[in-house]
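Examination of the molecular architecture
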Amino acid sequence: MIYDNSQVRRQARLLSEERAKELLRESEWGVLSMVDVDGESAYGIPLNFVWDGDSALYIHCAKEGHKLRALELHPRVSFTIVGKVQLQSAMLTTEYESVVMRGVANVHLNDNEKRKGLTLMVQKLCADHLEKAMQGIERSFAVVDVIRIDLVTYSGKCKYMK
């Protein structure tokens, strides 16, 4: 995955790659944006995710549904996470951090990779209840699915007040 800020219009507001990776590791949710099943409209949904530390995101979902149908037809996606946000109303502005990723969604993972994605998710999101979460993976394995997003590029932008 390539960190590419060349398309960011406000070059003075670039987020460092180090901070972008911190947000990838630490953020609990993001917005998956895709082309809808009709091929003409956009479809975006907020959801939990985990980054594998390299070049893929994993998300979980039901075995069937609108999101899976859309991704099977149109696998190219964008995924956005937002870091710190602070409204500065007296200054008519907002401080923020964001990372936008582009990639390709894979919806037909084998059981080993599906288990890997679920395990990474519970290690991140349920670390205080890991044993219970791992049991939950086994109980629900047949009725959940996992999507892997292979990231191609990502960029980051921020605005910090001084």
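This text follows the structure it describes.
Notes on the structure follow.

Basis of the calculations
Residues numbered from 1 in each chain as written. Predicted model: local features only at pLDDT ≥ 70, side-chain atom pairs only at ≥ 80, totals over all residues. Heavy atoms only, no water. Phe/Tyr/Trp six-rings, centres within 6.5 Å; stacked < 30°, edge-to-face > 60°. Helix = DSSP H or I, 4+ residues; strand = E, 2+ residues; numbered from the N terminus. Buried < 20%, exposed > 50% of the residue type's maximum accessible area, 1.4 Å probe, protein only. Lys NZ or Arg CZ within 6 Å of the ring centre and 35° of its normal. Axes fitted to C-alpha atoms, helices over the stretch in contact; angles between N-to-C directions. Parallel < 35°, antiparallel > 145°, perpendicular 65-115°, else oblique. Left-handed = near helix turned anticlockwise from the far one by under 90°. Contact = heavy atoms within 4.5 Å. Arc of directions from axis to C-beta.

Turning our attention to the packing of aromatic side chains. Tallying each qualifying case throughout the model produces 2 aromatic pairs. On the numbers, 5.1 Å between centres and 65 degrees between planes, the contact of F49 with F79 is edge-to-face. Linking F49 in the loop between β3 (42–48) and β4 (50–51) with F79 in strand β6 (residues 76–88), this pair joins segments that are 30 residues apart in sequence. Take F49: its relative accessible area is 0%, and that puts it in the buried class. Relative accessible area serves as the criterion here: at 1%, F79 is assigned to the buried category. Sitting over the ring of F141, R115 keeps its end group 4.2 Å from the ring centre.

Their axes nearest at 10 Å, the elements helix α3 (residues 111–125) and helix α4 (residues 130–140) cross at an angle of 155 degrees. One way to sum up the angle between α3 and α4 is to call them roughly antiparallel. Taken as a pair, α3 and α4 cross one another with a handedness that is right-handed. Here α3 contributes R115, L118, T119, V122 and Q123 to the contact with α4, which in turn contributes L130, A133, M134, I137 and E138.

Another point: α4. Taken as a whole, α4 has its buried residues at A133, G136 and I137. On an axial view of α4, the arc spanned by its buried residues comes to 105 degrees, and they lie on one face. In α4, the exposed positions angled more than 90 degrees off the buried face are occupied by E131, K132 and R139. The inward-facing, buried residues of α4 contact α3.

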